[in-house]
Amino acid sequence: MVTKTAERNHNVHLRNILTGKEPGKLTGKPNLDKPHLKYYPEEALLEDLPQNTMYGYLYEKNKTNMLDIAMVFDIGTSQKEITYKELFEQIDNLAENLLARGIENNDKVALCFANTPESVYLIYALNKIGAVACLIDPRITSKALERDLKELSVKMFIGIQEVYNTFLEANENVGIKDYIFVSTLNSIDKKAIKVLYTLQNVKENNVSHSFNTKWKSVCKHMNNKSTYPPYSLDKLAVISYTGGTTGVHKGVLLSNDALNILVHSHKYIMGDVGRGDRFMDILPQFMIYGIFSLHLALCMGLKTYLLIDSSPKNFVDNLIRINPAMVFGGPVHWETLIDNPKLTSNCLSNMKSPVSGGEKLPLSKEKILDDVLIKAGSQGCMCNGYGASELGGSVTLKLGKQSAAGTVGKLHVFDNAKIVSPDTGEELSYNEVGELYITTPSLMLGYFKRESEEEKAIVKDQDGVRWFVTGDLAKIDENGDIEITGRRKRLFVCGLNNVYPPEMEELINTIPNVKSCVVVNVPDREFREVPKVHMVLENDTEESRTTVIKLVKKCISENIGKEVLPRYYEFHAELLHTPNGKIDFEGIRKQDMKKMSD
């Protein structure tokens, strides 16, 4: 077993070989040579990693700057500023109230929120008392919510008012007795806006009446006299659901260490971004990337603008209005800057780190966006990142011209990668394409009650090192730049949502009169890519086609969500097959692309 000290010393030795400070021979294998290390200072390789809870780490980073603005709750027409002092007061009061309500160390609590201050307070309050925050998408259907709540066995449910009816329907077969709802605009001071919001919820019947649903019952002032659980290694902090690389709905288990170390590693790559700079937070907090980016921004002391609106159509308007130093978005967001007449000279003068992730940004568009950003006064070019929910968030970042064009940049300092042949399982050399494996201190503890899926996603090598099997095809060059070349799994991103064609196909095939089907991804201006369904019907008439389309929409809306509804449908006498008799997914997609280009 290699000790931490021996590993650190070896990494310093590798760095010195890579930089020419020491003689030595490299192996030609990225995993063993670790070419990314030469871009980090020696002290980064030798330092101790944080050992703290998420709450404790956040406090340590900000305890001497309590009057700084931590968050700005921004709904466009109104804003609410919250200092670090106010942030910790809210967290501490919630922690005491949750303890008084019976929430204890290791208990699971479901949080179903948009990007609101209340969600932030709750995540850290639960962390402070040692409870586990189970993050749930507020757009969830009642059937899916019932499934998740049964699986998690949560002790309490807290959500925004908009999910009240969804929860009540789901809870009929679950029986959670302790639940609380809060207005999405609870933190906004303007009464007129709150009145309009309340009237809208009354109209939609999302109004809770019983006493235990009142938010004020868990945020009243209390004296902080309790004893809180100390830090412990690999303590579960967060559960967030994902489809991962396989499309199977599963909860990702992340520890305090995973999120803290991931934040810690970013101090070597964030450049000039620092305390007091503005961060525009559009990634929802029910996503791992949302939790990671929020924790990163607050621990860095950034002035974090919480936006409920994450839609691409308003992205440019929000960018210009806030003029942030750092933003995390997907290609679907950044591509809205191209040929946008709203962008003027110096309108993005504060921009230092425009970060894109979640899906590959084409090289052609990356170059165009760099020019657009420069003309708008940005101090930084596009920063392409790569990561996964199972990795806690981002594990690579391309910073300007330091990394090769078309790549997702280099690994963070504490991470490692290798390229494995999908056919032989052997590790490949530089510039050879194979499946990308990643190991990182931010790697998930596992999947919640999905051991068979965990066995597919994580493999151990002969030294006991855990590697995440990404499902992506990639290559690594001698400078450590990683280029994603494709996917082994059938997966794509629609807006901010992962789409898993096999999951959709399984549902569609249960619909009466559907003989067979295929779901493929086709381009879309607003969401970048959207699902298209190809079907063969048992009884194919105009009337039956209309009926089947209605049933498909209903089935997917109820079981997956409205956000990923197919936009296009095409009917066939027979689907295209490969010579060996399998459905030719790629051939069907190529035919679609040709039709759209014609």
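See the structure above.
Small disclaimer: the values here were computed from a predicted structure and weren't measured.

(A) Looking closely at the overall build of the protein. What the protein contains, in helices and strands, is 18 helices and 26 strands. Computed over the C-alpha atoms, the radius of gyration of the protein is 24 Å, within 12% of the 25 Å expected from 2.2 N^0.38 for a compact globule of 598 residues. Counting the 598 residues in the protein, one finds 57% classified as buried. The long-range share in the protein, meaning contacts at least 24 apart out of those at least 6 apart in sequence, stands at 68%. Summed over its atoms, the accessible surface of the protein is roughly 26,000 Å², and 50% of this surface lies on carbon and sulfur atoms.

(B) Seen up close, the pairing of strand β17 (residues 434-439). Buried residues dominate β17, accounting for 6 of its 6 residues. Of the strand pairs in this sheet, strand β16 (residues 416-420) and β17 are connected by 5 bridges, and their pairing is antiparallel. Its bridge partner being in β17, Asn 416 is matched across the sheet by Thr 439. In the sheet, β17 pairs with strand β20 (residues 466-476) via 4 bridges, with the strands oriented antiparallel. Bridge assignment links Ile 438 to a residue of β20, and that residue is Phe 468.

(C) How the structure looks around empty space enclosed by the protein. Tallied over the entire structure, the rule returns 4 cavities of 30 Å³ or more. Size it by volume and the largest cavity reaches roughly 40 Å³. As for the largest cavity, its lining consists of Pro 30, Pro 35, His 36, Leu 411, Asn 416, Ala 417, Ile 476, Gly 480 and Ile 482. Residue composition of the lining of the largest cavity, by class: 6 nonpolar, 3 polar and no charged.

(D) Representation of the side chain of Asp 481. Relative to the assigned elements, Asp 481 resides in the loop between β20 and β21 (482-487). Residue class for Asp 481 comes out buried when judged on its relative accessible area of 3%. A polar side-chain atom of Asp 481 sits 2.8 Å from a polar atom in the side chain of Lys 410. Excluding anything up to four places from it in sequence, Asp 481 contacts Gln 402, Ser 403, Ala 404, Thr 407, Gly 409, Lys 410, Lys 475 and Ile 476.

(E) Fine view of the environment of Lys 190. Inspection of the secondary structure assignment puts Lys 190 in the loop between β6 (179-182) and α9 (191-203). For Lys 190, a relative accessible area of 45% puts it in the partly exposed group. A sequence separation of 111 residues divides Lys 190 from Gln 79, and the C-alpha atoms of the two residues are 9.3 Å apart. If we skip the residues at most four places from it in the chain, Lys 190 touches Thr 77 and Ser 78.

(F) Main features of the nonpolar core. Ranked by internal contacts, the top residues of the largest apolar core, which has 148 residues, are Leu 87, Leu 111, Phe 157, Ile 158 and Leu 337. With 9 residues, the top contributor of residues to this core is helix α11 (residues 288-299). Ignoring sequence-local partners within four residues, the contact set of Leu 337 consists of Phe 315, Val 316, Leu 319, Leu 343, Leu 348, Leu 369, Val 372 and Leu 373. Membership of the second largest hydrophobic core comes to 29 residues, among which are Val 514, Val 520, Leu 565 and Ile 588.

(G) Quick look at the pattern of salt bridges. This model, assessed by the stated rule, comprises 31 salt bridges. Residue Lys 352 pairs with Asp 277 through a salt bridge whose shortest N-O separation is 3.0 Å. Of this pair, Lys 352 sits in the loop between α13 (331-334) and β12 (353-356) while Asp 277 is found in the loop between α10 (256-265) and β9 (278-281), placing the two residues 75 residues apart along the sequence. Between Glu 453 and Lys 456 there is a salt bridge, with its nearest N and O atoms 3.2 Å apart.

(H) Inspection of the packing of helix α5 (residues 84-100) against helix α6 (residues 117-128) at higher detail. Look at α5 against α6: their axes get within 8 Å of each other, and the N-to-C directions meet at 55°. Here α5 lies oblique to α6, going by the angle between them. In the crossing of α5 with α6, the sense of the turn from one axis to the other is right-handed. Taking contact as the criterion, the partners of Leu 87, Gln 90, Ile 91, Asp 92, Leu 94, Ala 95 and Leu 98 in α5 are, on α6, Val 120, Tyr 121, Leu 122, Tyr 124, Ala 125, Leu 126 and Lys 128.

(I) Quick peek at the packing of aromatic side chains. The final tally for this structure, using the stated rule, is 12 aromatic pairs. Between Tyr 179 and Phe 181 the ring centres are 6.2 Å apart and the planes differ by 65°, which places this aromatic pair in the edge-to-face class. With respect to burial, Tyr 179 and Phe 181 carry one shared label: buried. Three or more aromatic residues joined by ring pairs make a cluster, and in this case those are Phe 157, Tyr 164, Phe 167, Tyr 179 and Phe 181. Lys 418 extends its terminal NZ or CZ atom over the ring of Trp 467, reaching a point 4.4 Å from the ring centre. Here the guanidinium or amino end of Arg 567 rests over the ring plane of Phe 527, the centre of that ring lying 4.8 Å away.

(J) Fine view of α5. If you check α5, its first and last C-alpha atoms are 24 Å apart, about what 17 residues at 1.5 Å a residue would give, namely 24 Å. Turning to α5, its buried residues number three or more, namely Tyr 84, Leu 87, Phe 88, Ile 91, Asp 92, Asn 93, Leu 94, Ala 95, Glu 96, Asn 97 and Leu 98. One or two residues past the end of α5 sits Gly 102, with phi positive at roughly 105°.

(K) Expanded view of the layout of surface pockets. Volume-wise, the second largest pocket comes out at about 1,800 Å³. Lining the second largest pocket are 45 residues; nearest its centre among them are Lys 4, Glu 7, Thr 439, Pro 441 and Val 465. Counting residues per element, the ones that place at least two in the lining of the second largest pocket are α1 (4-19), α2 (30-33), α10, β16 and β20. Among the elements that take part in the lining of the second largest pocket, α1 stands out by supplying 6 residues, more than any other.

Conventions adopted
Residues numbered from 1 in each chain as written. Predicted model: local features only at pLDDT ≥ 70, side-chain atom pairs only at ≥ 80, totals over all residues. Heavy atoms only, no water. Helix = DSSP H or I, 4+ residues; strand = E, 2+ residues; numbered from the N terminus. Rg over C-alpha atoms; globule rule 2.2 N^0.38 Å. Buried < 20%, exposed > 50% of the residue type's maximum accessible area, 1.4 Å probe, protein only. Contact = heavy atoms within 4.5 Å. Areas by Shrake-Rupley, 256 points an atom, 1.4 Å probe, with all protein chains shown as cover. Pairing = 2+ DSSP bridges. 1 Å grid on protein atoms, 1.4 Å probe; cavity = no way out; pocket = protein on both sides within 12 Å on 5 of 7 lines; lining within 4 Å. Points joined across faces, edges and corners; volume = space filled by probe spheres on them. Nonpolar A, V, L, I, M, F, W, Y, C, P; charged D, E, K, R; others polar. Polar contact = N/O pair within 3.5 Å; in protein donor to acceptor, adjacent residues only side chain to side chain. Core = buried A, V, L, I, M, F, W, Y, C linked by side-chain atoms within 4.5 Å. Salt bridge = Lys/Arg side-chain N within 4 Å of Asp/Glu carboxyl O. Axes fitted to C-alpha atoms, helices over the stretch in contact; angles between N-to-C directions. Parallel < 35°, antiparallel > 145°, perpendicular 65-115°, else oblique. Left-handed = near helix turned anticlockwise from the far one by under 90°. Phe/Tyr/Trp six-rings, centres within 6.5 Å; stacked < 30°, edge-to-face > 60°. Lys NZ or Arg CZ within 6 Å of the ring centre and 35° of its normal. Expected span 1.5 Å × (residues − 1).

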